Amino acid sequence: MTAIEIPTSSPATAASSQVRLPGALITLPKQNTEFHEKALVTSSYPVSKEYALPALVPRKVLERKPTRWIRYRLWFNTYRKFFVFVTAMNIVGLALAIANIWEYPRQYTSAFVLGNLLVAILVRNELFGRFLYLVINALFAKWSPLWFRLGCTSVLQHLGGIHSGCAVSGFMWLVYRVVLIFIDHKDNHDSVLVMGVITNVLIGISIISAFPWIRNNHHNVFERHHRFIGWLGLISTWIFVILGDSYDLKTHSWNPDGIRIIRQQNFWYSLGMTVFIVIPWVTVRKVKVVCEIPSPKAVILHFERGMQQGLLARISRSSVMEYHAFGIISEGKNSNKHYLICGVQGDFTRGLVENPPTHIWTRELKFAGVSNTSTLYKRGIRVCTGTGLGAALSTCLQSPDWYLIWIGSDQERTFGPTISGLIHNNLGPDRVLLWDSKKRGGRPDTMKLIKEVYTSWGAEVVFITSNFQGNKEMMEGCKAAGIPAFGTLWDF
């Protein structure tokens, strides 16, 4: 077992801290708490003096409610707009086909099934996502109008709406396809109908398992069903396609001609689906990891090689099961390390503390998050709470144009010297503000803080990583204040 255990005794009372490794005792230098204190109150872009006062925020400040219009605008975000647009277009097409007004989808229903499913898989593919982020960042960084850059960020962040819309639409077309086969059952073979029903059931289960309530409250249930039932759905889709293209409806006989099958568009749609599903999995590797355990609340995972900012990593104890996503912290691609902050909450992260691994499974192909679009903006603010620092810190480490606001409880003791060192060594007090709610008697008025830093820093946008309630409050406040902001999503 390889783990670094950071003692919880105050560094102010000792000149050094001890780290126990198997068969070894290593002494670390005293943690730097001076920086932690300076960052709270010192800034070339200072916030109000109120923030130096260790006072709780009045409840009436925290309980201010936004208007219904603001709540609606945040609820009906780009994700839901994409979902509504995609499903509405498909429903119209489906209605025209059912009414026998549009003949094409009646003859080539499978193309609408597989085309929708292919797009659903494509927009969730890590490689395709990285390509989109690369193109947008390369072509439109800083020079294009702010409204356009904000639109690009919104589209990239909410691609999940296209994913969900196309998946549901593909399922609707599949149901319609099976109904047509059933109506013309006398001209079709039983095996085609049976495989159509099986494919419907499997894809239906995969979609249901991805409903937000299941996904957010029963992650392992979601992952097992969405992934493995989805894979079975892909296999049954291949069988359904091959059987359907091999059976001659005129002669009522089988004609398994490989050349004929390859010439059908259904084959290429299915092949595309398969390729985009397989690509991320061929990059799965078991890599070395060192677990730093600064406190019972957090684990810092150390990995080799540097990373660009704005990426997230999926890790697991198994090669195919229970992958969990965490923001990557790195000083840059030329660095020799990157880190993940894992808050100890569920069984997986608790296991990292109780039984720290020496190796862990990960996909070498990392996926891009909204922070990856930070290069689009001239200046910005990265707000995070607690372990949300994991998704936020790289942006500030790798760009001098981004200001970090980190709100948490006893951050230095909770997250240890590695994270404190990254902040101390790379971020001057002129562009970082740390709020320790334990030392200051409570949380700050986050909106007042954001507004003042937004004005003094000359920011164009605010990125927020927080829990559900914190994200909701800050997004509502920013929307009411007219501050462009992007918050955490729970759509994956």
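Here is what the cut-offs are and how they apply
Residues numbered from 1 in each chain as written. Predicted model: local features only at pLDDT ≥ 70, side-chain atom pairs only at ≥ 80, totals over all residues. Heavy atoms only, no water. Helix = DSSP H or I, 4+ residues; strand = E, 2+ residues; numbered from the N terminus. Buried < 20%, exposed > 50% of the residue type's maximum accessible area, 1.4 Å probe, protein only. Contact = heavy atoms within 4.5 Å. Axes fitted to C-alpha atoms, helices over the stretch in contact; angles between N-to-C directions. Parallel < 35°, antiparallel > 145°, perpendicular 65-115°, else oblique. Left-handed = near helix turned anticlockwise from the far one by under 90°. Core = buried A, V, L, I, M, F, W, Y, C linked by side-chain atoms within 4.5 Å. Salt bridge = Lys/Arg side-chain N within 4 Å of Asp/Glu carboxyl O. Pairing = 2+ DSSP bridges. Right-handed = clockwise from strand over helix to strand, strands pointing away. pLDDT = per-residue confidence, 0-100. Patch = residues over 30% accessible without salt bridge, like charges linked within 9 Å, V, L, I, M, F, W, Y side chains within 5 Å. Areas by Shrake-Rupley, 256 points an atom, 1.4 Å probe, with all protein chains shown as cover. Phe/Tyr/Trp six-rings, centres within 6.5 Å; stacked < 30°, edge-to-face > 60°. Nonpolar A, V, L, I, M, F, W, Y, C, P; charged D, E, K, R; others polar.

## Side note on the overall build of the chain
Scanning the chain for helices and strands turns up 19 helices and 18 strands. Here the chain, with 492 residues, has 51% of them falling under the buried criterion. When contacts within the chain are restricted to residue pairs at least 6 apart in sequence, long-range pairs at least 24 apart make up 74% of them.

## Considering the packing of helix α12 (residues 219-246) against helix α14 (residues 265-281)
Between α12 and α14, the shortest axis-to-axis distance is 10 Å and the interhelical angle comes to 155°. In terms of orientation, α12 and α14 fall into the roughly antiparallel class. The two elements α12 and α14 cross, and the hand of that crossing is left-handed. Seen from α12, the contacting residues are R227, W231, L234, T237, W238, V241 and D245; seen from α14, they are N266, F267, S270, L271, M273, T274, I277 and W281.

## Notes on the nonpolar core
With 58 residues, the main nonpolar core has L301, L340, L389, L393, L404, W406 and I419 as its most contacted residues. Excluding anything up to four places from it in sequence, L404 contacts R382, C384, L389, L393, C396, L427, R431, V432 and L433. V178, I181, W238 and F240 belong to the second-largest nonpolar core, a separate cluster that totals 27 residues.

## A short note on the pattern of salt bridges
Tallied over the entire structure, the rule returns 12 salt bridges. One salt bridge in this structure joins R363 and E126, with 2.6 Å as the shortest N-O distance. Residue R363 is located in strand β12 (residues 359-363), and its partner E126 is located in helix α7 (residues 126-140); the two are separated by 237 residues in the primary sequence. Of the two residues, R363 and E126, both sit in the buried class. Notably, a salt bridge pairs D410 with K438, separated by 3.8 Å at the nearest N-O pair. Pair noted here: D410 is in the loop between β15 (402-408) and α17 (411-426) and K438 is in the loop between β16 (432-436) and α18 (446-457), with a separation of 28 residues, a long-range link. For D410, a relative accessible area of 14% gives the class buried. Note on K438: relative accessible area 57%, which makes it exposed.

## Examining the sheet that holds strand β14 (residues 380-385)
Strand order in this open sheet of 5 strands is β16-β15-β14-β17-β18, and the pairing throughout is parallel. Two strands lie at the open edges of the sheet, namely β16 and β18 (485-486), each paired on one side alone. Of the strand pairs in this sheet, strand β17 (residues 461-465) and β18 are connected by 2 bridges, and their pairing is parallel. Note on β18: the bridge partner recorded for F463 is F486. Packing against the sheet, α17 makes contact with β15 and β16, and its axis sits at approximately 165° to β15.

## A look at the pairing of β16
Counting buried positions along β16 yields 5 of 5 residues, so the element is predominantly enclosed. Sheet topology note: the β15/β16 ladder contains 5 bridges and is parallel. Pairing of G408 across the sheet is with D436, part of β16. As for the winding sense of the linkage, the β-α-β connection from β15 through α17 to β16 is right-handed.

## Structural notes on the side chain of N266
On the secondary structure map, N266 appears in helix α14. Contacts of N266, omitting those with residues within four sequence positions, involve S110, A111, L114, V241 and D245.

## Comments concerning the confidence of the model for the chain
A residue-level look at the chain finds 86% of positions with pLDDT of 70 or above and a mean pLDDT of 85. Low pLDDT (under 50) marks residues 1-56, which in the prediction has 119 contacts with non-local residues, meaning those over four places away or in another chain.

## Here we look at a nonpolar patch on the surface
A cluster of nonpolar side chains, V92, L96, I101, W102, Y104 and Y108, forms an exposed patch at the surface whose accessible area comes to about 570 Å². For W102, the location among the structural elements is in the loop between α4 (78-98) and α5 (104-107). A residue is classified by how much of its surface remains accessible, and W102, at 35% relative accessible area, is partly exposed.

## A look at the pairing of strand β8 (residues 298-304)
Summarising burial for β8: 6 of the 7 residues are buried, a large majority. Joining the antiparallel neighbours strand β7 (residues 290-295) and β8 is a turn of 2 residues. With 7 bridges joining them, β8 and strand β11 (residues 337-343) adopt antiparallel strand pairing. Bridging across to β11, F303 finds its partner in H338.

## So, the environment of P256
Looking at where P256 falls in the secondary structure, it is placed in the loop between β5 (253-254) and α13 (258-262). Measuring from C-alpha to C-alpha, the distance between P256 and I242 comes to 8.2 Å, with 14 residues separating the pair along the chain.

## Some words on the packing of aromatic side chains
Two measures describe an aromatic ring pair: the distance that separates the ring centres and the angle between the ring planes. Applying the stated rule across the entire model yields 23 aromatic pairs. Taken together, a centroid distance of 6.4 Å and an interplanar angle of 35° make the contact between Y72 and W75 tilted. Here Y72 and its partner W75 are both found in helix α3 (residues 68-75), 3 residues apart, which amounts to about one turn of the helix. Taken together, a centroid distance of 6.3 Å and an interplanar angle of 40° make the contact between F140 and W143 tilted. Exposure remark for W143: the relative accessible area of 61% places this residue in the exposed category.

## Concerning the packing of α7 against helix α8 (residues 146-157)
Packed helices, taken two at a time, are described by their axes: the angle between them and the distance between them. Running from amino to carboxyl end, α7 crosses α8 at an angle of 175°, the nearest separation of the two axes being 11 Å. With respect to α8, the element α7 is oriented roughly antiparallel. Listed contacts from α8 to L132, Y133, I136 and F140 of α7 are F148, R149, C152, L156 and Q157. By residue class, the composition of the contact of α7 with α8 is 7 nonpolar, 1 polar and 1 charged.

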